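Residue-level structure breakdown
Chain by chain, the residues:
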Amino acid sequence: MSRIFITGVSGYIGGDVLYRLSKSNLASSIVALVRNEARAGRVIEKYPSVIPLIGDLDSTAAIQNEASKADVILHLASSNHFPSAKAISEGLSETGRKSPVWIQISGASLLSGPEIINNAYGEARLKVYNDLEGVDEVRDIIASNPKRAVDNLVTGLSADQSGVRTAIIYGPMIYGLGRGPVNQRSIQLPDLAKATLQHGHGLHVGKGNSIWSNVHVSDISRLILMLVAEASNLSGGSLWNEHGIYFPEARKQSFKEIGRKVASFAHSKGFIKSAHVEAIDAGTADRLTAHGAVLWGTNAQTSGCRARQLVGWKPEGPSLDEEIPRAILAEVAAKKDACSLKLA
Ligand SMILES: NC(=O)c1ccc[n+]([C@@H]2O[C@H](COP(=O)([O-])OP(=O)(O)OC[C@H]3O[C@@H](n4cnc5c(N)ncnc54)[C@H](OP(=O)(O)O)[C@@H]3O)[C@@H](O)[C@H]2O)c1
């Protein structure tokens, strides 16, 4: 059993991981960074054995201290907060544990560069990135992108600290209802559903031909738990460090198709007047959701062979098509809740 330090437990991904951890026998203790007492209260209410560490991602001394004591660090609060990642690496440099493991969340927009550079939002690009046979190419993309400071820190850490093992999980479009204690909602699909309801018709960026891979949140958390289990196996060399790059995915779909299916279901239920789908530009997408042009208008097609072949993971959750009706109904319910709060 491992002593676990986790961040982001009140969030979508971290919450689903905490749900699974609490049902496993993998943790001897779970210390969770939470922003304040109110958040801690909501976490402990459901998971009384969790030890809250009150602080934010800039509480670097506390993060460093916990990282130095943990067998497994799950940094799931942020893919790009450098000071917290640096604090983890510094904690690991003074670790008292044998070969500790750091699992870091990241995002598949790593692969979106060509659309961003060429302002080609909504255009198709058929390249599929493979995390096993193609890992050298992925590593080159990470290394050539100075904005990916956290990714570079994580993938390069073992060169300086030989006893440490790292893995970085590139989430594609993650969908489905999370099971954590606070936020259970993702971003890409829910915000597209919300914007469709607001506009009264479907939406896609540009021609809508760009494609992302996707996966259910329960499959992401299962992979993370499988890696936590692997942490106690000291021989799994190709799971970690320069090899420890994971692209978990179940299927792929273009945003045109997703926009059409969202509009079609919303129209069939009478939530919107028209099932037709309109093109929006990148600026409009950015106004509808943070980084909307990247999240709805670029390509990030991946093949998650490493987890399948070396960890025995495979996606088991419902498909994106199965999720679309639930996501729309959730947005309709959230809108009703917001209205009744205003009236109260
Ligand atoms: N959802 C996806 O589809 C997806 C896919 C790939 C990558 N990612 C990335 O993975 C990360 C987590 O995503 P998510 O969907 O789980 O986000 P989320 O639901 O917004 O959760 C974020 C979590 O991190 C905590 N947090 C954020 N900033 C913090 C700070 N300054 N100090 C302390 N705690 C802080 C939040 O705490 P509070 O509850 O106190 O705010 C919450 O627990 C993000 O960087 C996201 O971009 C997400």
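In case you missed it, the structure is sitting above this.
Residues numbered from 1 in each chain as written. Predicted model: local features only at pLDDT ≥ 70, side-chain atom pairs only at ≥ 80, totals over all residues.

1. Thoughts on the nonpolar core
Put simply, the test is: In these notes, a nonpolar core means any group of buried Ala, Val, Leu, Ile, Met, Phe, Trp, Tyr and Cys residues linked to one another through C-beta atoms within 7 Å. With C-beta atoms placed from the backbone, a residue is labelled by how many other C-beta atoms lie within 10 Å of its own: buried for 20 or more, exposed for 12 or fewer, partly exposed between the two. Residues are defined as contacting one another if the C-beta atoms placed from their backbone atoms lie within 7 Å.
Membership of the largest hydrophobic core comes to 97 residues, with the highest contact counts inside it found for Ile4, Ile6, Leu74, Ile169, Ile224, Leu227 and Val262. If we ignore the near neighbours within four places in the chain, the residues touching Ile6 are Gly14, Val17, Leu18, Ile30, Ala32, Leu74 and Leu76.

2. Thoughts on the packing of helix α4 (residues 82-93) against helix α7 (residues 149-160)
Which entries qualify depends on this criterion: To obtain each axis, a line is fitted to C-alpha atoms, and for helices this fit is confined to the stretch in contact; angles are then taken between N-to-C directions over 0 to 180 degrees. Strands are runs of DSSP state E lasting at least 2 residues, helices are runs of H or I lasting at least 4, and numbering of each runs from the N terminus. An angle below 35 degrees is treated as roughly parallel, one above 145 as roughly antiparallel, one from 65 to 115 as roughly perpendicular, and anything else as oblique. A crossing counts as left-handed when the near helix is turned anticlockwise from the far one by less than a right angle, and as right-handed when that turn is clockwise. Each residue is assigned to one of three groups, with Ala, Val, Leu, Ile, Met, Phe, Trp, Tyr, Cys and Pro labelled nonpolar, Asp, Glu, Lys and Arg labelled charged, and all others, Gly among them, labelled polar.
At a closest axis distance of 9 Å, the pairing of α4 and α7 adopts a crossing angle of 15 degrees. With respect to α7, the axis of α4 lies roughly parallel. Two packed elements cross with a definite hand, and for α4 against α7 that hand is left-handed. Between α4 and α7, the contacting residues are Phe82, Ala85, Lys86 and Ser89 on the first element and Ala149, Val150, Leu153, Val154 and Leu157 on the second. Class assignment for the residues of the contact of α4 with α7 results in seven nonpolar, one polar and one charged.

3. Describing the site of the ligand
In plain terms, the rule: For each residue, a C-beta atom is placed from the backbone, and the residue counts as near a molecule or strand when that atom lies within 6 Å of it.
Lining the immediate environment of the ligand, one finds 24 residues, of which Ser10, Gly11, Asp56, Ala77 and Gly171 sit closest. Secondary structure elements with two or more residues in the shell around the ligand: α1 (12-23) and β5 (101-107). If one sorts the elements of the shell around the ligand by residue count, α1 sits on top with three residues. A breakdown of the residues in the shell around the ligand according to their chemical character gives ten nonpolar, eleven polar and three charged.

4. Observations concerning the pairing of strand β1 (residues 2-7)
Rules: Paired strands, as defined in this entry, are two strands with at least two bridges between them according to DSSP. If the strands point away from the viewer and the path from the first strand over the helix to the second runs clockwise, then the crossover is right-handed.
Counting buried residues along β1, five of its six residues qualify, which places the element largely inside the surrounding structure. Summarising the sheet, β1 and strand β2 (residues 27-34) pair through six bridges and their orientation is parallel. Directly across from Ile4, in β2, lies its bridge partner Ile30. As for the winding sense of the linkage, the β-α-β connection from β1 through α1 to β2 is right-handed. In this structure, β1 lies alongside strand β4 (residues 72-75), joined through four bridges in parallel fashion. Its bridge partner being in β4, Thr7 is matched across the sheet by His75.

5. A look at the sheet that holds strand β12 (residues 251-254)
Spatially, three strands are ordered β8-β10-β12 in an open sheet, and the strand pairing comes out mixed. The open sheet has two edge strands, β8 (173-175) and β12, and neither has a second partner. Between one strand axis and the next, the sheet turns through 40 degrees on average, direction left out of account. With three bridges connecting them, β8 and strand β10 (residues 211-216) associate as parallel partners. The residue of β10 that forms the bridge with Ile174 is Val215.

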